[in-house]
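So the chains spell out like this:
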Amino acid sequence: MSHIQRPHQRPEWTALAEHREELGQVRLRELFAADTDRGTGHALRVGDLYVDYSKNLVTDKTLRLLRELAAATDVFGLRDAMFRGEKINVTEDRAVLHTALRASRDAVIEVDGENVVPKVHAVLDRMTDFADRVRAGKWTGYTGRPIRNIVNIGIGGSDLGPAMAYEALRAYSDRSLTFRFVSNVDGADLHEAVRDLDAAETLFIVASKTFTTIETITNATSARSWLLAGLEGPDEAVARHFVALSTNAEKVAEFGIDTANMFEFWDWVGGRYSYDSAIGLSLMIAIGPDRYREILDGFRIVDEHFRTAPAEANAPVLLGLLGVWYGNFFGAQTHAVLPYSHYLSKFTAYLQQLDMESNGKSVDRDGHPVEWQTGPVVWGTSGTNGQHAYYQLIHQGTKLIPADFIGFAEPVAELSDELKAQHDLLMANFFAQTQALAFGKTPDEVRAEGVPEELVPHKTFRGDHPTTTILARELTPSVLGQLVALYEHKVFVQGAIWNIDSFDQWGVELGKVLAKRVEPALTEGTDIPGLDPSTKALVTAYRELKEV
Ligand code: F6P
């Protein structure tokens, strides 16, 4: 699956570089003036999503050249290999099959000659049974009281996915149950999560693909102590209050969780692609199995679209190509994702792992250093808050910051009429921002408002800040699945073009190893041979501060 020709040496790349030169300063006002149908002509519908890319700095030729690059770098061949279950995660020799997690029951997807779909559905069925029992108050704790509090302990993909999706779908959740998500090894996280909970009614879901992640195992161990102290119960009480989500039965058993209470997934599910695996158990308990399956349906809609739609009408392909255009040909370093929904307040944080852990790579699939830019810094928060914080820099700063705006036509049903009425104001801001970013305000327009000449430069908006608008009727479970799949496949497209392995994450290892090495110096004052002078001085300062 290696790409012999490096992407930046391909004629299609050179053609894009030349085209970028020719275009010079792209003026969105001019592009819209030249094509009165641009607003409708540069939009796609995928499932329930309406994706408008008209406010991007592209011409028809740009899009054609970008598609040619995608074809030349074999994005579609790699896509098909992924869906077939081939081991496209080359550095770990693993298949990449998060798409199998939402495959229909009758699908056949083989890894090493074994159809994995029955296993996926068997786990989903067990999760369903368990979630139904908890929701119905039939899963009781050690003292016989029903579970009312669910605490997910996990980090990275074993936290961000369920935490983000729980937040997104709160309006669909059982409000009589309490959900908390603990990830940080900072003891304050667990402390705050459990301080007002009754151990007798609390279930811990320990979520860890490997079941070796130090943060999760440490927090789970402390949670077990908290539970046993609260219950004043014996070790056997743990069985009613702890379940595990993992690929590693051996480690789960070693920790002391009965593997009968383990929900399995597999090494072909990447951590950041895992919330629709067993890792979604807390979410399933929150919203119920039927709603959970609607999320999977949503994922599947976009999977099918990505697999079958022609490149020019393929939304993940298009979003991926736009990112390549800005990152590789405009020098954009970052990409903002700005959801205009309070419920999506954790969506960008979730995408940070999805995108940055996948495409934050500087060697290609063959291990050669890349000579082209790879994944961007992904950032952003939910609107309208950002408008009163950092949008100034997007509008008038010196950097090009492509941004995705995500919004909904309807607020969630349970809001009061008065709060629902605020929705048009929220969305007026949403549309106004992309309009201002695209078209700005010329000095003449500023002058026409009677602004004194010395203030004209300050009040001028250059415009031509590219945005993509993603609109849906409302934030349903299916729409959430569609949105996540859209970004998963966008990240895939970019990784394929950059010829990097988007499915490993070796870059997180060094810090983990060093933390293990440094810890005894902090707790015991042990001398660590070979420790660099800066860290050594800091460790000394830390110990002095600690002892004062
Ligand atoms: O940060 C590295 C990483 O391996 C992520 O990819 C993963 O989501 C996270 O740690 C948690 O890993 P695990 O689920 O094995 O505890």
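Residues numbered from 1 in each chain as written. Predicted model: local features only at pLDDT ≥ 70, side-chain atom pairs only at ≥ 80, totals over all residues. Heavy atoms only, no water.

1. Things to note about the overall build of the protein
Under the convention used in this document: Starting at the N terminus, helices and strands are each numbered in turn, a helix being any DSSP run of H or I of at least four residues and a strand any DSSP run of E of at least two. Computation of the radius of gyration draws on C-alpha atoms alone. For the globule rule, the value is 2.2 Å times the number of residues to the power 0.38. Remark: exposure states derive from per-residue accessible area (1.4 Å probe, protein chains only) relative to the maximum for the residue type, with buried under 20%, exposed over 50%, and partly exposed in between. Pairs of residues are marked as contacts when any of their non-hydrogen atoms sit within 4.5 Å. We get accessible surface area from the Shrake-Rupley algorithm with a probe of 1.4 Å; when it comes to residues, only the shown protein chains can shield them. Within this scheme the basic residues Lys and Arg register as positive and the acidic residues Asp and Glu register as negative, but His and the chain ends are omitted. A single reference atom marks each charge: NZ on Lys, CZ on Arg, CG on Asp, CD on Glu.
Of the regular secondary structure elements, the protein holds 23 helices and 13 strands. For 548 residues, the compact-globule estimate of 2.2 N^0.38 gives 24 Å, and the C-alpha radius of gyration of the protein, at 25 Å, lies within 12% of that figure. Projected onto its principal axes, the C-alpha positions of the protein cover 75 × 65 × 60 Å. Taking all 548 residues of the protein together, the buried fraction comes to 52%. Once local pairs closer than 6 in sequence are excluded, the contacts in the protein between residues at least 24 apart make up 73%. Roughly 23500 Å² of accessible area belongs to the protein as shown, and the carbon and sulfur atoms make up 52% of that amount. Across the protein, the mean location of the 54 positive side-chain charges is 1 Å away from that of the 76 negative side-chain charges.

2. Focus on the UniProt feature "active site" (unreviewed entry) in the protein
Put simply, the rule is: UniProt positions are given in the numbering used here, feature names are shortened, and annotations may be inferred rather than shown by experiment.
Mapped onto this structure's residue numbering, the UniProt feature "active site" (unreviewed entry) falls at E357, H388 and K512. For the annotated residues, spread through 156 residues, the largest C-alpha to C-alpha distance comes to 36.8 Å, inconsistent with a single compact locus. Among the structural elements, E357 can be located in helix 15 (residues 347–359). Ignoring anything within four residues of it in the chain, the contact list for E357 reads R272, Q352, D504, Q505 and V508. Considering the arrangement of structural elements, one finds K512 in helix 22 (residues 509–523).

3. Looking at the site of the ligand
The following threshold applies: The near set for a molecule or strand comprises every residue that places at least one heavy atom within 4 Å of it. Whenever two N or O atoms come within 3.5 Å, that pair is a polar contact, provided that in protein one can donate a hydrogen and the other can accept it, and provided that, for residues adjacent in sequence, both atoms are side-chain atoms. Under the grouping applied here, Gly and all other residues not named as nonpolar or charged are polar, the nonpolar ones being Ala, Val, Leu, Ile, Met, Phe, Trp, Tyr, Cys and Pro and the charged ones Asp, Glu, Lys and Arg.
Of all residues adjacent to the ligand, which total 13 residues, the nearest are S158, S208, T210, T213 and E357. Within the side chain of T213, one N or O atom sits 2.5 Å away from an oxygen atom of the ligand. Contact with the protein chains removes 88% of the 390 Å² of surface that the ligand exposes when unbound. A breakdown of the residues in the shell around the ligand according to their chemical character gives two nonpolar, nine polar and two charged.

4. Overview of the sheet that holds strand 9 (residues 262–264)
For sheets, the rule is that strands pair by backbone hydrogen bonds, running either parallel or antiparallel. Convention followed: DSSP-based pairing: two strands are paired if at least 2 bridges between them are found. Angles run from 0 to 180 degrees between N-to-C directions of axes, and those axes are lines fitted to C-alpha atoms, restricted for helices to the stretch in contact.
Strands sit in the order 6-5-7-8-9 across an open sheet of five strands; the sheet is parallel. What marks the edges here is a single partner per strand, and that holds for strand 6 (178–182) and strand 9. Neighbour-to-neighbour, the strand axes of this sheet turn through a mean angle of 20 degrees, independent of strand direction. Sheet topology places strand 7 (residues 202–207) next to strand 8 (residues 242–246); four bridges connect them, and they run parallel. Directly across from F204, in strand 8, lies its bridge partner F242. Along the sheet face, helix 6 (residues 117–135) touches strand 5 (149–153), strand 7, strand 8 and strand 9 and points at about 145 degrees away from the line of strand 9.

5. Some words on the nonpolar core
As a reminder of what qualifies: Nonpolar cores are built from buried Ala, Val, Leu, Ile, Met, Phe, Trp, Tyr and Cys residues. Side-chain atoms within 4.5 Å join them into one set.
W268, Y275, I285 and F347 are the most contacted members of the largest nonpolar core, which totals 125 residues. With 13 residues, helix 21 (residues 477–498) is the largest single contributor of residues to this core. When residues no more than four places from it in sequence are discounted, the contact partners of F347 are M164, V337, P339, I406, L483, V484 and Y487. Grouped together as the second largest cluster of nonpolar side chains are 25 residues, F204, A223, A244 and I257 included.

6. Thoughts on the packing of aromatic side chains
For the record, the criterion: Any two rings among Phe, Tyr and Trp, with Trp reduced to its six-membered ring, count as a pair given centres within 6.5 Å; such a pair is stacked if its planes are under 30 degrees apart, edge-to-face if over 60, and tilted if neither. Geometrically, a lysine NZ or arginine CZ counts as sitting over a ring once it is within 6 Å of the ring centre and also within 35 degrees of the ring normal.
Enumeration according to the criterion identifies 28 aromatic pairs in this entry. When the ring of F492 is compared with that of F503, the centres are 6.3 Å apart and the planes differ by 40 degrees; the resulting orientation is tilted. Of the two residues, F492 sits in helix 21 while F503 sits in the loop between helix 21 and helix 22, which places them eleven residues apart along the sequence. Neither F492 nor F503 differs from the other in exposure class; each is buried. Taken together, the ring pairs in this structure connect Y340, W379, Y390, Y391, F405, F430 and F431 into an aromatic cluster. Over the ring of F306 we find R79, and its NZ or CZ is 5.9 Å from the ring centre. Stacked on the ring of F255, the Lys or Arg R224 has its end atom at 4.4 Å from the ring centre.

7. Structural notes on the side chain of S274
Tracing the backbone through its elements, the reader meets S274 in the loop between strand 9 and helix 12 (281–287). Residue classification places S274 among the buried residues on the basis of a relative accessible area of 1%. If sequence neighbours within four positions are ignored, S274 has contacts with G157, F265, V269 and I279.

8. Points about the pairing of strand 1 (residues 43–46)
Two strands pair when backbone bridges link them, and strand 1 and strand 2 (residues 49–52) are joined in this way by four bridges, in the antiparallel orientation. Bridging across to strand 2, L44 finds its partner in V51. In sequence, strand 1 turns back onto strand 2 through a hairpin of two residues, with G47 there showing a positive phi of about 55 degrees.

9. Concerning helix 8 (residues 187–194)
Just so we agree on the cut-off: Think of it as the arc spanned by the lines of direction from the helix axis to the C-beta atoms.
Every buried residue of helix 8 is listed here: L190, A193 and V194. Along helix 8, the residues classed as buried sweep out an arc of 80 degrees about the axis, all on the same side. Check the buried side of helix 8 and you find it contacts strand 6, strand 7 and helix 9 (214–231).

10. A short note on the environment of P529
Along the polypeptide, P529 turns up in the loop between helix 22 and helix 23 (533–547). Separated by 302 residues in sequence, P529 and L227 place their C-alpha atoms 39 Å apart.

11. Brief notes about the pattern of salt bridges
Our working definition: Whenever Lys or Arg places a side-chain nitrogen within 4 Å of a carboxyl oxygen from Asp or Glu, that contact is recorded as a salt bridge.
Under the defined criterion, the tally for this structure stands at 36 salt bridges. Here D196 makes a salt bridge to R180, at a shortest N to O gap of 2.9 Å. In this pair, D196 sits in the loop between helix 8 and strand 7 while R180 sits in strand 6, placing the two residues 16 residues apart along the sequence. Relative accessible area serves as the criterion here: at 48%, D196 is assigned to the partly exposed category. Among the charged side chains, a network of salt bridges with common partners joins R102, D276, D303 and E488.

12. With respect to the sheet that holds strand 12 (residues 403–408)
The six strands lie next to each other as 1-2-13-12-10-11, forming an open sheet whose pairing is mixed. Edge positions in the open sheet fall to strand 1 and strand 11 (377–379), since each of these has one partner strand only. When the angles between neighbouring strand axes are averaged without regard to direction, this sheet yields 15 degrees. Contacting strand 10 (334–339), strand 11 and strand 12, helix 15 runs over the sheet at an angle of about 165 degrees to strand 11.

13. Brief notes about the packing of helix 5 (residues 75–84) against helix 21
Stated precisely, the cut-off is as follows: Should an angle fall under 35 degrees it is called roughly parallel, over 145 degrees roughly antiparallel, and 65 to 115 degrees roughly perpendicular, with every other angle called oblique. Note on convention: near helix rotated counterclockwise from far helix by under a right angle means a left-handed crossing. Clockwise means right-handed.
In contact at an axis separation of 9 Å, helix 5 and helix 21 are set at 125 degrees when each is read in the N-to-C sense. The angle between helix 5 and helix 21 falls in the class oblique. Crossing hand, helix 5 versus helix 21: right-handed. Between helix 5 and helix 21, the residues in contact are V75, L78, R79, M82 and F83 and H489, F492, V493, A496 and I497, respectively. Here the residues of the contact of helix 5 with helix 21 are counted per class, giving eight nonpolar, one polar and one charged.

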